[in-house]
Amino acid sequence: MAQTAGRHDAGIFTNSWNGRAYVSPDELLAGLTEPQRRAVTHGNGPLLVLAGPGSGKTRVITHRAAYLAQTATDPYHLLAITFTNKAANEMASRLDRLGIGMGMTCSTFHSLCARLLRIHHDRAGLRPNFTIFDTADQTAAMKDAIGRANLSADNYPPAGILSIVSRAKNDMVTPEEMRANARGFRDETFADLYVRYDQVLAEQNALDFDDLLIRTARLLSEHPDLRDQLEDRYRYVLVDEYQDTNRAQYLIARGLCLKRANLCVTGDPDQSIYSWRGADIHNILQFEGDFPRATVVRLEQNYRSTPRILAAADALIANNHKRKEKALWTENADGPAVRVAECEDQHAEAGFIAGEIRRHVEEGGRFGDVAIFYRINALSRNLEMALRSAQIPYQIARGVAFYQRKEIKDVLAYLRVAANPRDQVSLLRIINVPARGIGKTTVDHLVAAATRTGQPVLDILAKPDQVPGVSRAGRHLKLFATLLNDLATTARHGSLKDAVEFVVRNSGLIAMWDKGEDNDALANVEELINAAAEYDQQHLEGGGSLTDWLQGISLVSDVDAIEEESGAVTMMTLHAAKGLEFDTVFLTGLEQGLLPHERSATDLFELEEERRLCFVGMTRAMRRLTLTHAKWRDFRGMSQRRVKSQFLHELPKRGIEKLRIDIHGAGAGEDEEPDIPASSVDYLEWRKGQLVRSAQYGIGRLLWIQPRNRQTYAGVKFTSFGEKTLVLEYANLELVEEAD
DNA sequence: GGTCCAACATTTTTT
DNA sequence: ATGTTGGACC
């Protein structure tokens, strides 16, 4: 987690004067096109920058911030909200390079919110040391809530309930509103679980990711004086990737700009890929409605890609119906053809890519020029193996996965209890890890006592005599309580590194790993210790804390892990690729069920998002773009015949080079016969009004039916899911006979 | 209370 | 193929 720019606390980056030459406002505008210039020099009032891929958006935002800092206000009053910590950090660094004085704030929504909630915790009704629950913690909390409601996790899968609750939170729907809108017993149960889940979090002094946003939005709306104060601090607000903001984020951005309306948002509706996380594309589509005085600047010239790449991507995205048309164009010189490689199986695919990368380097290219994208993480393994055996250096954008490793989570759980003694999820995780004679029965007694008396489990540990049912284990409980106490003392007085090392040395975890012959565990934990030491180094003059460090870890994103100048091939999911660019891009697994993903194929809205995802991947490429798909792919131990992606049929006929790759990963001549897309049933015989059954949505009635683009779209009104627009070729509907 | 093995399913994407 | 969970057994 190397940071370059100035001082920061968990995810908040502030640029600092580094002695570089001051860049004048005129110099900031040099080399910018007319629209870019308009965006940079726009003064007060709302501004929407619709920026196509590769249109120099980052440059515009950075220069705009610098320009404002020189002509309008002190950088102290500037706030930029980016999508990842990495982007925030980079922005602060760029401002540094432009010689802009100290004080601008660059952050993600989540980091900013966490910070505001800690500072203003009393107003928010929180303790300053709250824990941020990740997905696994949330699941544990939800299981607890389901248990308290006397329900079974079999009928109410925690992950499923969590996604319902998360959706409600993203939309700023309270449990009360959910209950009021409940249609039937199940909905009421969901609302009930929502309340109980929030209760569990409150008891543990914990917030989930969504809470960070909605509590901040509420903080702003319920405390006008505080909002006023924040508005005076952040006089100019820039929000990047605005197409991926949700309702809560929208309210926060707006709440910070009520007085001055100096809100500048940038984004591209065609790159909206997070609706499954509650992002609402209407935020950007309706910006002009929200802010009637808004200035709109369109950046349509592309500086990144060759005309062929752009033409291919543009042809693809033109198949989306719900979009704002954009005229993408470029003056760049033409490059090699966009290639589509049909590979015999996934080994051929990976081998072909490895060979191509070798060739790229032999021809004078660098490994660092190359990126490989995939729809799902599971596809990375084959690629990794192929790159390793070809001795190609690579890095994977997997920042989050590191902190989700078992051994890392165990060590962090100790530290989290030290930072927040009410964190029961963490406490129960480690109470018997390593085994220290505290079994399930004892834990049940402890939790029962805690619930009954309203005391945190941690407090009860120290006085086991008062817990009914606990006798022999009492000794172990006391020892554990002492361990945690000593850790808390170390954490309070020593460095962060001291605290992490205390856990590793005194918890007994090392012995456990040795016994289990888990050699990676120790190495990974060493890395964690290094990260702690690095954090100590960055906070020699104070400002750091265990809570802050843990918060940073909770809010890391996958891309945060990638290094720009690593000299290695970069691999990542399509979602992580947003905002990046590479000379050479391989987009893998263009197969039905993978891209578009099978879970999205039946719903038109979701299908369009898959297409946008593909569009994002393609437009990352500057010079060379290769799309690959496999005829056979191993999945869950079985070899599966794969059908090429419908998106491949949507590419232009001209300017695309087709390759066929045999099992050795070698080219095997040209491929002619165009695959027939998946439509085989004649859906045109179906009539509106007919009753249909879907495995996913149950029974519904056809409202309308319409063929388009070699597919058949249909509107279906389902009894329990409402109206959906489906693609019949993938929806797998069956007709239902109606009784007379 | 702890350990080991077998049945089991398998969330796509992530702050 | 792989990682998790629950139950039998020590």
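On a predicted model such as this, the values are computed, not experimentally measured, just so you know.

**Q** How would you sum up the overall build of chain A? Please name residues and give values.
**A** When helices and strands are counted, chain A shows 32 helices and 25 strands. The C-alpha radius of gyration of chain A comes to 27 Å, within 12% of the 27 Å expected for a compact globule of 740 residues. Expressed as lengths along the three principal axes of its C-alpha atoms, the size of chain A is roughly 80 × 80 × 55 Å. Counting only residues that meet the buried cut, chain A has 55% of its 740 residues in that class. Within chain A, contacts between residues separated by at least 24 positions form 75% of all contacts whose residues are at least 6 apart in sequence. Put simply, chain A shows about 32,600 Å² of open surface, and 49% of that area lies on carbon and sulfur atoms. Both charge centroids of chain A, one from 90 positive and one from 100 negative side chains, sit 3 Å from each other.

**Q** Which residues make up the protein's contact with DNA strand B, and what values go with them?
**A** The full set close to DNA strand B counts 27 residues, and Ala159, Arg375, Gly437, Thr442 and Ser557 are the nearest of them. The contact atoms of DNA strand B, taken as those within 4 Å of the protein, divide so that sugar and phosphate hold 51%. Asn377 has a polar side-chain atom sitting 3.1 Å from a phosphate oxygen of DNA strand B. The class makeup of the residues in the surface near DNA strand B is eight nonpolar, twelve polar and seven charged.

**Q** How would you summarise the nonpolar core if you had to cite specific residues and measurements?
**A** Among the nonpolar cores identified, the biggest contains 51 residues, and Leu415, Leu461, Phe480 and Trp549 are the most heavily contacted of them. Per-element accounting of this core gives the leading share, eight residues, to helix α20 (residues 406-419). Not counting residues within four places of it along the chain, the set of residues in contact with Trp549 comprises Leu412, Leu415, Leu496, Val500, Leu528, Ala531, Ala532 and Tyr535. With 43 residues, the next largest nonpolar core counts Val559, Leu587, Cys614 and Phe615 among its residues.

**Q** Mind laying out the side chain of His223, listing which residues take part and the relevant values?
**A** Assignment of secondary structure puts His223 in the loop between α11 (209-222) and α12 (224-233). Overall, His223 belongs to the buried group, its relative accessible area being 18%. Only 3.3 Å separates the side chain of His223 from the backbone oxygen of Arg123, close enough to count as a polar contact.

**Q** Describe the confidence of the model for chain A, with residues and values.
**A** This prediction gives chain A a mean pLDDT of 88; 94% of its residues lie at or above 70. Ranking the helices and strands of chain A by mean pLDDT puts strand β17 (residues 582-587) first, with 97, and strand β1 (residues 8-9) last, with 58. Taken together, the stretch residues 1-7 has pLDDT below 50 and engages in 25 contacts with residues farther than four places along the chain or on a different chain. Predicted confidence is poor over residues 672-680, with pLDDT under 50, and the contacts of this stretch with residues over four places away or in other chains come to eight contacts.

**Q** Can you explain the packing of aromatic side chains? Please cite residues and give values.
**A** In total, this model carries six aromatic pairs according to the counting rule given. A ring pair is formed by Phe287 and Phe291, whose centres lie 4.9 Å apart and whose planes are at 35 degrees; its orientation type is tilted. Assigned by exposure class, Phe287 and Phe291 land together as buried. Judged by centre distance (5.1 Å) and plane angle (85 degrees), the ring pair of Phe402 and Tyr403 falls under edge-to-face. Here Phe402 matches Tyr403 in class, with each residue buried. Joined through ring pairs, the aromatic side chains of Phe83, Tyr274 and Trp276 make up one cluster. The ring of Phe130 carries the charged tip of Arg118 above its face, separated from the ring centre by 3.9 Å. Seen from the ring of Tyr76, Arg233 lies directly overhead, with NZ or CZ sitting 3.8 Å from the centre.

**Q** Outline the packing of helix α8 (residues 158-170) against α11, listing residues and values.
**A** Where α8 contacts α11, the two axes come as close as 9 Å, and the packing angle between them is 20 degrees. One finds that α8 runs roughly parallel with respect to α11. Considering only the axes of α8 and α11, their crossing is left-handed. Contact residues: α8 offers Ser166, Lys169 and Asn170, while α11 offers Asp210, Asp211 and Ile214. The residue makeup of the contact of α8 with α11, split by class, is one nonpolar, two polar and three charged.

**Q** Pulling in residues and values, what's your account of helix α13 (residues 247-255)?
**A** Buried within α13 we find Ala248, Gln249, Tyr250, Ile252, Ala253 and Gly255. The opening residue of α13, the one whose side-chain oxygen lies 3.1 Å from the backbone nitrogen of Ala248, is Asn246.

**Q** Can you explain unusual backbone geometry? Please cite residues and give values.
**A** Here the amide bond leading from Val433 into Pro434 is cis, since omega sits at 0 degrees, within 30 degrees of zero. A cis geometry characterises the amide bond from Leu595 onward to Pro596, with omega recorded as 5 degrees. One can find Pro596 in the loop between β17 and α30 (604-618). Phi is positive for Asn205, which is not a glycine, with a value near 55 degrees. Assignment of secondary structure puts Asn205 in the loop between α10 (185-203) and β7 (206-208). The residue Glu241 is not glycine, and still its phi comes out positive at about 50 degrees. Tracing the backbone through its elements, the reader meets Glu241 in the loop between β8 (236-239) and α13.

**Q** Give me the lowdown on the pairing of strand β9 (residues 263-267), citing residues and values where you can.
**A** Most of β9 is tucked away: five of the five residues are buried. Neither face of β9 is open: one carries Leu263, Val265 and Gly267, the other Cys264 and Thr266, and all of them are buried. Alignment of strand β3 (residues 47-51) against β9, held across four bridges, turns out to be parallel. Paired with Leu48 across the bridge in β9 is Val265.

**Q** Got a sec to walk through the pattern of salt bridges? Specific residues and values, please.
**A** Throughout the structure, instances matching the rule amount to 47 salt bridges. A salt bridge links Glu90 to Lys86; its shortest N-O distance comes to 3.1 Å. Here Lys86 and Glu90 lie together in helix α4 (residues 85-97), a separation of four residues that amounts to about one turn. Linking Arg375 and Glu610 is a salt bridge whose minimum nitrogen-to-oxygen distance equals 2.8 Å. One end of the pair, Arg375, is in the loop between β14 (370-374) and α18 (380-389); the other, Glu610, is in helix α30, with 235 residues separating them in the sequence. When its relative accessible area of 3% is taken as the criterion, Glu610 is described as buried. By sharing partners, the salt bridges in this structure join Lys57, Asp240, Glu241, Asp244 and Lys578 into a single network.

**Q** Account for the pairing of β14, naming residues and giving values.
**A** For β14, the buried fraction is high: five of the five residues fall into the buried class. The alternating pattern of β14 places Val370, Ile372 and Tyr374 and Ala371 and Phe373 on opposite faces, both of which are buried. In the sheet, β14 pairs with strand β16 (residues 569-573) via four bridges, with the strands oriented parallel. Bridge assignment links Ala371 to a residue of β16, and that residue is Thr570.

Conventions and cut-offs
- Residues numbered from 1 in each chain as written.
- Chains lettered and ligands numbered in written order.
- Predicted model: local features only at pLDDT ≥ 70, side-chain atom pairs only at ≥ 80, totals over all residues.
- Heavy atoms only, no water.
- Helix = DSSP H or I, 4+ residues; strand = E, 2+ residues; numbered from the N terminus.
- Rg over C-alpha atoms; globule rule 2.2 N^0.38 Å.
- Buried < 20%, exposed > 50% of the residue type's maximum accessible area, 1.4 Å probe, protein only.
- Contact = heavy atoms within 4.5 Å.
- Areas by Shrake-Rupley, 256 points an atom, 1.4 Å probe, with all protein chains shown as cover.
- Lys, Arg positive; Asp, Glu negative; His and termini not counted.
- Charge placed at Lys NZ, Arg CZ, Asp CG, Glu CD.
- Near = heavy atom within 4 Å.
- Polar contact = N/O pair within 3.5 Å; in protein donor to acceptor, adjacent residues only side chain to side chain.
- Nonpolar A, V, L, I, M, F, W, Y, C, P; charged D, E, K, R; others polar.
- Core = buried A, V, L, I, M, F, W, Y, C linked by side-chain atoms within 4.5 Å.
- pLDDT = per-residue confidence, 0-100.
- Phe/Tyr/Trp six-rings, centres within 6.5 Å; stacked < 30°, edge-to-face > 60°.
- Lys NZ or Arg CZ within 6 Å of the ring centre and 35° of its normal.
- Axes fitted to C-alpha atoms, helices over the stretch in contact; angles between N-to-C directions.
- Parallel < 35°, antiparallel > 145°, perpendicular 65-115°, else oblique.
- Left-handed = near helix turned anticlockwise from the far one by under 90°.
- Pairing = 2+ DSSP bridges.
- Salt bridge = Lys/Arg side-chain N within 4 Å of Asp/Glu carboxyl O.

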